[in-house]
Structures are given as C-alpha cells and as structure tokens.
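Chains, contacts and geometry: an overview
Now for the letters of each chain:
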Amino acid sequence: MVFEFFTPGIARLCANAGAEFVMYCMEHTGAGFETLKPQFALCRAIGVTPLVRVPATEYHFVARALDVGALGVMVPLVDTAEQAERIVSFTRYPPKGRRGAAFGFAHDDYQSGDVVEKMRAIHERTLVICMIETRAGLENVDAIAAVEGVDVIWLGHFDLTNFLGIPGQFSHPQYRDAVKRIAAAAKKHGKAAGYMAASAELGHEYLGHGYRMIASGTDQGIFQNSLSHMLQSWKTT
C-alpha cells in the first residue's frame, strides 16, 4: 500500500518485487487525482493492477477514481448492505448503476470501439473492496458480502479494534472472532477476504485464516524498517 512514495519508479519497483497490485491511499495521505492519475497509467503500462482507497462513500471519489485509470476501488467504513450497494452502483453504468459515461479517456486507454462491449468489459474487470472497520460493519458483514458486485471484504484491523473499544488489541477474543467472521462471510458468498499484513509472518497467519488478498505492508513502513535494520546492524559491529 502506497502512502508516501508517489514516484515514477514505485510501480516498477513493486512489479520487480513480484506484486500483483499496488494500492494507493487517498484516505490518510491527502493525495488527489492529479497525483494518482500518472501512477495508474504507470501501473497499467507494466501489467500491475492499480487500486485506490478513496476517502469516503461518495460518487465523485469512486467514479472519478475509475475514470482516471484505477482498476478497482477500496472504500472505508462500510456499515451496511445498502451502503455497499451504493458503492457498486457508482462503478456500474446504467441500467446496472449510475456511473456517468465517458469513453476515449484514461480508463479505456483513450481507444475507440464498441461502447457496449467496453461497458461489459469494465463491469467485469472492476474490483470493489468494502472495508469492515466498525461494529456495525461487523454485525452486517454477511449481508455486505452478499451484495452483487462486491468482490472483496477487507478487514480494517486497527479501526475495527478502535470501534470495538479494544484499540490495538489484536489478540483480544473479540478481534479474533471478527477475523473469523469476516473470512467466513466472504467464503460463504464466494468473495475474497482481504488484509494488510505488516510482516511476512502476519501474511502467513492470515492466509491460514482464509484471507486471499494480502497487501504487503506500507511503503514507508517497508523502507523505514529495512533502513533501520541495516543501520542497527552496523552499530553492533
């Protein structure tokens, strides 16, 4: 997940490391579409899937993210099936949704062609990720996972502990139960469960819990931890 390094090389670095996707964050960074549009183009040019976490459930975030080239959207703080349905509607053209039509732009590589076929292909390829981060979202996770067009149910682990009143207590029984409930709801409805792993060990753990879409930490975390490890190793010699 990219929070800091919106550089020309970040997509290629991730691709070289073996990443299948890059998730750019708008929610916690202040990054705008002028910054992200070139990033999406760079990803698409080298076969890495560009995804974006938008700040909120709003049409102008979701639809514009897709129009400027993202191939999927992650939406935070999803509480109900009705909210999930709204999110999906922002990603679909009528009659399946309410996304405004604009073709020959970044999202279709500025190409001409049959617009009916374009819309079909766009509906098929667009990834919709709903984040479960609140007590209400957890209570409604089965209904959210059942919504047609939702592809991934994502565990927003830190926010969820906050909303459960157990901030940062990832070994707490309430949190551990939530981990299982989210994975079970996703599996029941044929969706993927997602999680951001801050370490390889956590990634293996959550794969074991049934999570199938794993983000490998944050750009600033990976950089800082790697640099710290190198510097500390010199101080002990």
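Look up: the structure comes first, before these words.
Heads up: these notes are all about the structure in this document.

Criteria and thresholds
Sequence order sets the numbering: in each chain, residues are counted from 1 along the sequence as written. Selection of residues for local features in this predicted model requires a pLDDT of at least 70, selection of side-chain atom pairs for listing and counting requires 80 or more, and totals for whole chains, interfaces and linings are taken over all residues. As a rule here, side-chain values cover all heavy atoms of the structure and leave hydrogens and water aside. Under the scheme used here, helices are H or I runs from DSSP no shorter than 4 residues and strands are E runs no shorter than 2 residues, and both carry numbers assigned from the N terminus. The size measure is the radius of gyration over C-alpha atoms, and the globule rule it meets is 2.2 Å times the number of residues to the 0.38 power. When accessible area is computed with a 1.4 Å probe and restricted to protein chains, residues below 20% of their type maximum are described as buried, those above 50% as exposed, and intermediate ones as partly exposed. By the convention used here, residues are in contact when the closest approach between their heavy atoms is within 4.5 Å. Axes here mean lines fitted to C-alpha atoms, for a helix over just the part in contact, with angles spanning 0 to 180 degrees between N-to-C directions. Handedness of a crossing is defined here by the sense of rotation of the near helix relative to the far one, left-handed for an anticlockwise turn of less than a right angle and right-handed for a clockwise turn. Here the nonpolar group is Ala, Val, Leu, Ile, Met, Phe, Trp, Tyr, Cys and Pro; Asp, Glu, Lys and Arg are the charged ones; every other residue, Gly included, is treated as polar. Following DSSP output, two strands are said to pair if at least two bridges run between them. Crossovers are marked right-handed if the path from the first strand over the helix to the second runs clockwise, as seen with the strands pointing away from the viewer.

Examining the overall build of the chain
- When helices and strands are counted, the chain shows 11 helices and seven strands.
- In terms of overall size, the chain behaves like a compact globule, its C-alpha atoms giving a radius of gyration of 18 Å where 237 residues would be expected to give roughly 18 Å.
- Over its C-alpha atoms, taken along the principal directions, the chain stretches across nearly 65 × 40 × 30 Å.
- Within the span of the chain, comprising 237 residues, buried residues form 44% of the whole.
- Of the contacts formed within the chain by residues at least 6 apart in sequence, a portion of 61% connects residues at least 24 apart.

Examining the packing of helix α1 (residues 10-17) against helix α2 (residues 33-46)
- Contact pair α1 / α2: the axes reach a minimum separation of 9 Å and the direction vectors enclose 35°. Considering only the axes of α1 and α2, their crossing is right-handed. Residues I10, A11, R12 and A15 of α1 touch α2, and the partners they reach there are Q39, L42, C43 and I46.
- Classifying every residue of the contact of α1 with α2 by side-chain character gives six nonpolar, one polar and one charged.

What about the pairing of strand β1 (residues 21-25)?
- Of all five residues that make up β1, five are buried, and the element is covered over most of its length.
- Both faces of β1 are covered, namely the face carrying F21, M23 and C25 and the face carrying V22 and Y24.
- In the sheet, β1 pairs with strand β2 (residues 49-53) via five bridges, with the strands oriented parallel. Along β2, the bridge assignment pairs F21 with T49.
- For the crossover that starts at β1, traverses α2 and ends in the parallel β2, the hand is right-handed.

The values reported here are purely geometric and, on their own, carry no functional implication.
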